[in-house]
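Spelled out from the first residue to the last, the chains are:
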Amino acid sequence: MNLLPTATSTDVQEQRPRVAVLPVGSFEQHGPHLPLITDTAIAAIYGRCIADAYPVHLLPPITMACSHEHGSWPGTVSISARTLYAVIDDIRASLGRSGIRKLVIVNGHGGNYVLSNIVQEANVDGPRMSLFPLSSDVDRARSDAGLVSDKHGDMHAGEYETSILLHAAPELVRPGYEKADHDGGERRFLLTLGMTEYTASGVIGYPSHATAEKGGALLGSLTKSFADHLAALGEH
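Since the structure is predicted, the reported quantities are computational estimates derived from the model, not experimental observations.

Peer 1: What should I look at first to understand the packing of aromatic side chains in this one?
Peer 2: The description of an aromatic ring pair uses the distance of the two centres, along with the angle that the planes make with each other. The tally for this structure, following the rule as stated, stands at three aromatic pairs. A centroid spacing of 6.3 Å and a plane angle of 80° characterise the contact between Tyr 46 and Phe 132, whose relative ring orientation is edge-to-face. Here the residue Tyr 46 occupies a position in helix 2 (residues 38-53), and Phe 132 occupies one in strand 4 (residues 129-132), the gap between them amounting to 86 residues. According to the relative accessible area criterion, Tyr 46 is buried, its value standing at 4%. With a centroid separation of 5.3 Å and an interplanar angle of 50°, the aromatic rings of Tyr 54 and Phe 226 are classed as tilted. In this pair, Tyr 54 is assigned in the loop between helix 2 and strand 2 (57-58) and Phe 226 in helix 8 (residues 212-232), connecting sequence segments 172 residues apart. The same class applies to Tyr 54 and to Phe 226, which are both buried. These aromatic residues form a ring-pair network of at least three members: Tyr 46, Tyr 54, Phe 132 and Phe 226.

Peer 1: Which parts of the structure should I look at to understand the nonpolar core?
Peer 2: Grouped burial of nonpolar side chains is what soluble globular proteins tend to show. Counting residues in each nonpolar core, the largest one holds 36 residues, and the members touching the most others are Leu 165 and Phe 226. Contributions of two or more residues to this core are made by strand 1 (19-24), helix 2, strand 3 (102-107), helix 5 (135-145), helix 6 (159-168) and helix 8. Not counting chain neighbours up to four residues away, the residues in contact with Leu 165 comprise Leu 34, Thr 38, Ala 41, Ile 42, Ile 45, Pro 170, Leu 172 and Val 173. If you look at the next biggest cluster of nonpolar residues, it comprises 19 residues, including Val 24, Cys 66, Leu 95 and Leu 131.

Peer 1: Even after reading the chapter, I still don't get the pattern of salt bridges, so can you show me in this structure?
Peer 2: In a structure, side chains of opposite charge can pair up when their charged atoms sit close to one another. What the rule picks out here adds up to seven salt bridges. Between Lys 102 and Glu 235 there is a salt bridge; the shortest N-O distance is 3.1 Å. Remark: Glu 235 occurs in the segment after helix 8 and Lys 102 occurs in strand 3; sequence separation between them is 133 residues. Between Asp 139 and Lys 151 there is a salt bridge whose closest N-O contact spans 2.8 Å. Of this pair, Asp 139 sits in helix 5 while Lys 151 sits in the loop between helix 5 and helix 6, and the two are 12 residues apart along the sequence. Judged by its relative accessible area of 37%, Asp 139 falls in the partly exposed class.

Peer 1: For this particular structure, what's the right way to read the packing of helix 3 (residues 81-97) against helix 4 (residues 114-122)?
Peer 2: What describes two packed helices is the angle between their axes and the distance between those same axes. Remark: helix 3 packs on helix 4, axes separated minimally by 10 Å, with the N-to-C direction vectors making an angle of 40°. The angle between helix 3 and helix 4 places the two elements in the oblique class. Helix 3 and helix 4 meet at a crossing whose hand is right-handed. Across from Ala 81, Leu 84, Tyr 85 and Ile 88 in helix 3, the residues of helix 4 making contact are Val 114, Leu 115, Ile 118 and Glu 121. Grouping the amino acids of the contact of helix 3 with helix 4 by side-chain chemistry returns seven nonpolar, no polar and one charged.

The rules behind the values
- Residues numbered from 1 in each chain as written.
- Predicted model: local features only at pLDDT ≥ 70, side-chain atom pairs only at ≥ 80, totals over all residues.
- Heavy atoms only, no water.
- Phe/Tyr/Trp six-rings, centres within 6.5 Å; stacked < 30°, edge-to-face > 60°.
- Helix = DSSP H or I, 4+ residues; strand = E, 2+ residues; numbered from the N terminus.
- Buried < 20%, exposed > 50% of the residue type's maximum accessible area, 1.4 Å probe, protein only.
- Core = buried A, V, L, I, M, F, W, Y, C linked by side-chain atoms within 4.5 Å.
- Contact = heavy atoms within 4.5 Å.
- Salt bridge = Lys/Arg side-chain N within 4 Å of Asp/Glu carboxyl O.
- Axes fitted to C-alpha atoms, helices over the stretch in contact; angles between N-to-C directions.
- Parallel < 35°, antiparallel > 145°, perpendicular 65-115°, else oblique.
- Left-handed = near helix turned anticlockwise from the far one by under 90°.
- Nonpolar A, V, L, I, M, F, W, Y, C, P; charged D, E, K, R; others polar.

Now the structure itself:
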């Protein structure tokens, strides 16, 4: 699977896109059956599906972000929220100089909380930026795909993420996901205590229910929902 866009400068010149799509992932543990790049891979897969369906300028993913709650696991690497903010602000400014003034951030990691503030601030003087997928987009996709688990219980390396990779990049899924289910409970103090308080394996969710078919249905539903984000930006 190629996680990077392959368009040439000539392709972009001919297409003349008005909206750029920026996948943002992470580099963090995802239990024993999914790789550290899981969130980046999923964000890039979202982006590829979107670019195949809509006239947008797909950017390469940001591969490290805010994974501090996973910091005690080997391999996890984080950057600060202020660094992520600065990188995205620089990208937004650079796009503007080339004539692309609207940006959709495609987020693959729930811990990237600062992205909501970036989008909020960018739209003070009018709609210029959107964050995808929204919680409502994910809820719709889970329902459309017939997922067994709920969104809270299936937080990390579970049915949702494993299904998407089984469909789009099965080579990234290692054996053992069928027996990796873990209930992390209520998790009231996740931000204070980190993931290790709620899981020994790194998994919080139900990957045993994952299938490639569900992954395809999830991506199909999310791709359809992206049209609402273009509409919100005034791009029909």
